[in-house]
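# Residue-level structural notes
Each chain is listed here by its residues.
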Amino acid sequence: MSELELKGKTALVTGASKGIGKASALKLASMGANIAVNYFSSENEALDTVKEVQSLGVDAFAVQANVGKLDEVDSMISEIIKKFEKIDILINNAGIIQDGLLLRMSDEAWSKVIDTNLNGTFYCSRAAIKLMFKSRWGRIINIGSVVGLRGNVGQTNYSASKAAINGFTFALAKEVATRNITVNTITPGYINTETVEVLSDKQKDAIMNWIPMQKFGEVDDISNMVGYLASNNAKYITGQTISIDGGMAI
Ligand code: NDP
């Protein structure tokens with residue numbers, strides 16, 4: 001893989017203020033892509049991501065938007081077009097959890113998770129696809145979850161949102177396959193980010209029992225695959241769900 005093979009390409013990474021999104025932004029930047037760093041509430045962290053991306057010699061800016069709100073996604077896309085004129089690579093990474101047993105799950109906890117994780121993926125992909133059609137090249141990489149493949153107690157909303165992303169990926173990959181646009185989903189297991197840091201030691205010990213490799217993953221385990229799927233080496237890979245989970249989904 002040539003180091004700067006994404007030179008001249010533009011990537012939108014949703015939820016790039018921290019965690020897997022930030023690592024993905026840095027990976028794509030290291031390959032030469034200019035980056036639109038989307039964030040929701042963590043402005044300072046997003047600006048830090050921008051600085052780190054720029055230090056790799058590419059262009060970047062931070063763009064605030066709740067991906068679960070269509071009007072905010074529309075404004076974000078307009079800002080990106082104004083700055084970069086196109087989107088070649090879309091990483092649908094922004095995601096939240098609001099856990100609770102179904103019996104006690106509020107309408108709000110259900111809707112917020114579906115809006116952010118699933119509707120956000122829909123709004124951003126629909127907007128990006130239009131631009132990718134024009135350039136006859138594109139990469140959409142969705143961040144799903146092992147929980148969307150296997151389910152998890154207290155996560156019906158999250159599991160539903162992530163499982164739906166797999167179906168979305170299969171269908172969209174078929175729709176755009178002749179246009180030189182690939183659509184894939186990475187399904188991480190437990191990766192060391194803020195999401196996992198908040199778990200108690202007892203919860204972490206319980207989770208270890210489900211992981212054959214007996215350890216959590218690191219953000220680079222995911223961002224390296226993001227880089228690969230965006231590269232020319234992955235040009236014939238589409239509609240796939242790629243698990244990076246230490247064997248959890250086996
Ligand atoms: P973090 O909580 O570290 O980061 C989440 C990111 O999403 C932040 O940048 C946050 O922005 C952004 N975000 C949240 N809500 C919105 C919104 N409505 N609009 C735009 N951006 C939003 O998460 P991780 O890095 O751990 O997770 C990233 C993705 O990977 C998620 O989709 C998650 O479901 C998935 N995943 C993570 C796993 C893990 O173990 N870490 C396992 C499996 C899947 P801000 O801070 O600015 O509000």
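Because the structure is a prediction, the values reported are computed rather than measured.

## What to know about the overall build of the chain
Per the secondary structure count, the chain includes 9 helices and 7 strands. Since a compact globule built from 250 residues should have a radius of gyration of about 18 Å, the 17 Å found for the chain is in line with a globular shape. Projected onto its principal axes, the C-alpha positions of the chain cover 45 × 40 × 35 Å. Put simply, the chain has 250 residues, and 51% of those count as buried. Pairs at least 24 apart in sequence give 75% of the contacts found in the chain among residues at least 6 apart. Computing the positive centroid from 25 side-chain charges and the negative centroid from 26, the chain places the two 7 Å apart.

## A few points about the pattern of salt bridges
A complete count under the given rule lists 4 salt bridges for this structure. The shortest N-O distance in the salt bridge between Glu194 and Lys18 comes to 3.4 Å. Here Glu194, found in helix 7 (residues 194-197), pairs with Lys18, found in the loop between strand 1 (10-13) and helix 1 (19-30); they are 176 residues apart in sequence, far enough to count as distant. Looking at Glu194, the relative accessible area reads 45%, which means it is partly exposed. Linking Asp59 and Lys83 is a salt bridge whose minimum nitrogen-to-oxygen distance equals 3.4 Å.

## Notes on the packing of helix 4 (residues 107-135) against helix 6 (residues 156-176)
The N-to-C vectors of helix 4 and helix 6 enclose an angle of 15°; their axes lie 8 Å apart at closest approach. By the angle between their directions, the pair helix 4 and helix 6 is classed as roughly parallel. Crossing angle aside, the handedness with which helix 4 passes helix 6 is right-handed. Residues Ala109, Trp110, Val113, Ile114, Asn117, Leu118, Thr121, Phe122, Ser125, Ile129 and Phe133 of helix 4 pack against Thr156, Asn157, Tyr158, Ala160, Ser161, Lys162, Ala164, Ile165, Phe168, Leu172 and Val176 of helix 6. Residue classes in the contact of helix 4 with helix 6 are distributed as 15 nonpolar, 6 polar and 1 charged.

## Examining the pairing of strand 4 (residues 89-92)
Remark: a regular strand shows side chains that alternate across the two faces of the sheet. Side chains Ile89 and Ile91 of strand 4 all project onto a buried face; the interleaved residues Leu90 and Asn92 project onto the opposite face, where all are buried too. Judged from the 4 bridges that link them, strand 4 and strand 5 (residues 138-143) form a sheet pairing that is parallel. When the bridges of strand 5 are listed, Leu90 appears paired with Ile140.

## Side note on the site of the ligand
Taken together, 31 residues lie around the ligand, and Ser17, Ser41, Ser42, Tyr158 and Thr193 are the ones closest in. In the model, an oxygen atom of the ligand is placed 3.1 Å from a nitrogen or oxygen of the Lys18 side chain. In the environment of the ligand, an oxygen atom lies 2.8 Å from a nitrogen or oxygen atom belonging to the backbone of Ile191. Protein chains shield 92% of the accessible area of the ligand, which is 900 Å² for the free molecule. Of all the elements in the fold, those that place two or more residues in the shell around the ligand are helix 1, strand 2 (34-39), helix 6 and helix 7. Grouping the amino acids of the shell around the ligand by side-chain chemistry returns 14 nonpolar, 15 polar and 2 charged.

Rules and cut-offs
- Chains are numbered independently. Their residues run from 1 in the order of the written sequence.
- Side-chain atom pairs in this predicted model are given and counted only at pLDDT of 80 or more, local residue features only at pLDDT of at least 70, and totals for whole chains, interfaces and linings cover all residues.
- The side-chain quantities take in all heavy atoms of the structure and omit both hydrogens and water.
- A helix here means a DSSP run of H or I that spans at least four residues, while a strand means a run of E at least two residues long, and both kinds are numbered starting from the N terminus.
- To get the radius of gyration, use the C-alpha atoms; to get the globule rule, take the number of residues to the power 0.38 and multiply by 2.2 Å.
- For every residue, the accessible area (1.4 Å probe, protein chains only) is compared with the maximum for its type, and the residue is labelled buried under 20%, exposed over 50%, or partly exposed between those bounds.
- Whether two residues are in contact is decided by their heavy atoms, any of which lying within 4.5 Å being enough.
- In this tally Asp and Glu are treated as negative and Lys and Arg as positive; neither His nor the chain ends contributes.
- A charge is said to be at NZ when it belongs to Lys, at CZ for Arg, at CG for Asp and at CD for Glu.
- Every case where a carboxyl oxygen of Asp or Glu lies within 4 Å of a side-chain nitrogen of Lys or Arg is listed as a salt bridge.
- Every axis in this analysis is a line fitted to C-alpha atoms, fitted for helices over the stretch in contact. Angles between the N-to-C directions lie between 0 and 180 degrees.
- By the definition adopted for this analysis, an angle is roughly parallel if under 35 degrees, roughly antiparallel if over 145, roughly perpendicular if from 65 to 115, and oblique otherwise.
- In this scheme, a crossing is called left-handed if the near helix is turned counterclockwise away from the far one by less than a right angle; it is called right-handed if the turn is clockwise.
- When residue character is reported, Ala, Val, Leu, Ile, Met, Phe, Trp, Tyr, Cys and Pro are called nonpolar, Asp, Glu, Lys and Arg charged, and the others, Gly included, polar.
- Whether two strands pair comes down to DSSP finding at least two bridges between them.
- Only heavy atoms are used to decide nearness, and a residue is near a molecule or strand if one of them lies within 4 Å of it.
- Any N or O atom pair separated by 3.5 Å or less is treated as a polar contact, with the protein-specific requirement of one donor-capable and one acceptor-capable atom, and with residues adjacent in sequence counted only for side-chain atom pairs.
- Here, Shrake-Rupley sampling with a 1.4 Å probe gives the accessible areas, and only protein chains in the shown set may cover a residue.

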